[in-house]
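Letter by letter, the chains look like this.
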Amino acid sequence: MSSIESFKQEERVFNSPADFVNNAAISGMEAYRALCAEAADDYEGFWARLAQQNIHWTKPFTKKLDESNAPFYKWFEDGELNVSWNCLDRHLTNGNADKVAIIFESDDGKVTRATYKELYEYVCKFANGLKSLDIKKGDRVIIYMPMSIEGVAAMQACARIGATHSVVFGGFSAKSLQERIIDAGAVAVLTSDYQVRGGKNLPLKAIVDEALAMGGCDTIRNVVVYRRTGGDINFVKGRDTWLHELVEKQATVCEPVAVGAEHPLFILYTSGSTGKPKGVQHSSAGYLLWAMLTMKWVFDIKPNDVYWCTADIGWITGHTYVTYGPLAVGATQIVFEGVPMFPNAGRFWDMVQKHKVSIFYTAPTAIRSLIKAAEADPSVHPGKYDLSSLRLLGSVGEPINPEAWMWYYKNIGGERCPIADTFWQTETGGHVISPLPGATPMVPGSCTLPLPGITAAVVDDGGHDLPNGKGGLLVIKRPWPSMIRNIWNDPERFQKSYFPPELGGTTYLAGDGAIRNEETGYFTITGRIDDVLNISGHRMGTAEIESALVANPIVAEAAVVGKPDETTGESICAFVVLKRSRPEGDDAKQLAKELRDWVAKEIGPIAKPKEIRFGDNLPKTRSGKIMRRLLRVLAKDEDITQDISTLENPAILEQLKQAQ
Ligand code: WT7
């Protein structure tokens, strides 16, 4: 664990337009401060009030927070509810029944709509189908499905019968799938014949077959297959069922099963510092509450909005901000099957224009690659599209560098739309630090301030508060309703990873470094604490160096990792993608020198990368996350022996072996 001592300060400040502020759910900083004060004054009472107002309980809770077995916290423990009721049934009687819940656009551009009533009926049939397979409350169900109405319905159907789902992203390999099936002890896999992305058909069912054939998956009784393409698949009699055959004979009513507030709604596997993924276990009530509140507070959701979160349901963002949050608040949302670059890099902007999207939420990686594409090909520049329907933008998943922020703000938001740079994690269940678009002045590259009720702080290795301007560990001091409840099957690892004894054993350790601005107290996330480098005793955030590199007009994207160094402890190795073609020979040497000097100028000589390596791209997963563990191996000039099954572009590795 280490802290960061220097970080370039960003000075530009942006305010939301007055009419946005006037109409916002949380309007003005006073309103924000009032909520924070309410939480500070009576923490449990604050959350209890919100839980009573937002959730439909079948049995009201009397207990608020139980800390007796910390850090295994419990919220609203004696209350009962059904999450699917809260997302669907409530809209049958509140005027939303015929409102469009989901506008689905397929990879090849076909549009399907489902109203709340239609989605409700389909989920009921789906849930009855699962019941007919003897799937019950508490059973675990793996969902390995593409972005689709059926995929969202699968999650809702599990929630309806109290089964705990575990969605596995469609880009994961058979091996990863098998590991998750075994760890979760799942009774069924819900999948599809194929997944269609970027014009290609990917055989999901065949991967399920392969995973199950690897052995150890004896708990699986059924495989349910959604027919997406009708392409060839292998069918195992007695085990496999077509989804459409399973649901067609079912009733359109399915009584929701009431579960306790702490009942595990889902398990979602995420990478930790060891090789074995962690099964992050979430609750029902606390999780749902925060999904709803952040939709209202951060996304300022209104009845007429067309909301689009581009994340896949295989990630936490797709759970909270596709499947649960938007439906619980009765929003109309886009669900998109495809990828940002197909059929061309104008796809997102074309869809915003076509569907009149008003709230758009995506990842900095996508933004940066679209910047690059727009510069290379003016015909897909966002300026070619009518984006005037947009009123709010969001960013998630990694720090957004100020240059990407500015591009997003100008070219997508027309300098009119606030940007919510939402910091959160699989473990936090929903946003924890983010501007409130109707209140918080925005600073590019800063996720600004904790949401009301979130006691985020920056502390040193011993858990002591650090003053603003001093970088350290990001923690959340008090338990909050949507926090991780456990690591499935591994309570010890849960305690060790998130509540280390050095910090007192009850404070949540986020795993990121952070620094607060001296005047404003704004948070800037400086990167994972395992990505923080120490060079000659000076501490440096990789995000910071990347931001400096990307600020250079010739650079499209950059990733920085540490490399063990005999003299300096660690040295900096930068992997760089230029907006022009990949340089070679003397050209590469010259550009590497220029970039080193550039970084020295931007931050200081200490931040100069010792090595720079150029590639046409960086190694990424299909979801666009840079695979840093591979970069660390490359930086050390070692051969890659790790699993690269989730790597989208293996050919890139060869290019990045050459240092400048
Ligand atoms: C990690 C969590 C948040 C849902 C998707 C990713 C990084 C996330 C931001 C942000 C800077 C961010 C952190 C965090 N991260 N959002 N706005 N600014 N960093 O969830 O896979 O659990 O990853 O993503 O490092 O710890 P995840």
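- Naming follows an unreviewed UniProt entry, where the chain appears as Acetyl-coenzyme A synthetase of Herminiimonas fonticola.
- Under the UniProt heading Catalytic activity (unreviewed entry), the note attached to the chain is "acetate + ATP + CoA = acetyl-CoA + AMP + diphosphate".

### Some remarks on the UniProt feature "binding site: CoA" (unreviewed entry) in the chain
- The sites that UniProt annotates as "binding site: CoA" (unreviewed entry) are Arg197, Gly198, Gly199, Lys200, Thr317 and Ser536.
- Take lysine 200: its relative accessible area is 57%, and that puts it in the exposed class.

### Quick look at the UniProt feature "binding site: Mg(2+)" (unreviewed entry) in the chain
- Mapped onto this structure's residue numbering, the UniProt feature "binding site: Mg(2+)" (unreviewed entry) falls at Val550 and Val555.
- In this structure, valine 550 sits in helix H16 (residues 542-551).
- Contact partners of valine 550, with chain neighbours within four places excluded, come to Arg368, Asn401, Glu403, Val555, Ala556, Glu557 and Ala558.
- As for its placement among the helices and strands, valine 555 is situated in strand S29 (residues 555-565).
- Classification of valine 555 by relative accessible area gives buried; the value is 1%.
- Other than its neighbours up to four places away in sequence, valine 555 contacts Leu549, Val550, Val576, Val577, Leu578, Lys579 and Leu595.

### A short note on the sheet that holds strand S23 (residues 472-476)
- Spatially, S22-S23-S25-S26 is the arrangement adopted by the four strands of the open sheet, whose pairing is antiparallel. What marks the edges here is a single partner per strand, and that holds for strand S22 (456-459) and strand S26 (523-528). For this sheet, the mean inter-axis angle between neighbouring strands, taken without regard to orientation, is 45°.
- Judged from the five bridges that link them, strand S25 (residues 508-516) and S26 form a sheet pairing that is antiparallel. Among the inter-strand pairings, isoleucine 515 is bridged to a residue of S26, identified as threonine 524.

### Quick notes on unusual backbone geometry
- Cis geometry is adopted by the peptide bond preceding proline 71, which originates at alanine 70 and carries an omega value of 5°.
- Looking at the element boundaries, proline 71 is found in the loop between strand S2 (65-66) and strand S3 (74-75).
- Cis rather than trans, the peptide bond between phenylalanine 342 and proline 343 has omega equal to 0°.
- Positionally, proline 343 belongs in the loop between strand S18 (332-336) and helix H12 (347-355).
- Phi at phenylalanine 76 is positive, roughly 55°, even though this residue is not glycine.
- Within the secondary structure, phenylalanine 76 is located in the loop between S3 and strand S4 (80-81).
- Residue phenylalanine 76 is classed as buried on the basis of its relative accessible area, which comes to 0%.
- The backbone phi angle of aspartate 300 is positive, close to 50°, even though this residue is not glycine.

Rules used throughout
Residues numbered from 1 in each chain as written. Predicted model: local features only at pLDDT ≥ 70, side-chain atom pairs only at ≥ 80, totals over all residues. Heavy atoms only, no water. UniProt positions renumbered as here; feature names shortened; annotations may be inferred. Buried < 20%, exposed > 50% of the residue type's maximum accessible area, 1.4 Å probe, protein only. Helix = DSSP H or I, 4+ residues; strand = E, 2+ residues; numbered from the N terminus. Contact = heavy atoms within 4.5 Å. Pairing = 2+ DSSP bridges. Axes fitted to C-alpha atoms, helices over the stretch in contact; angles between N-to-C directions.

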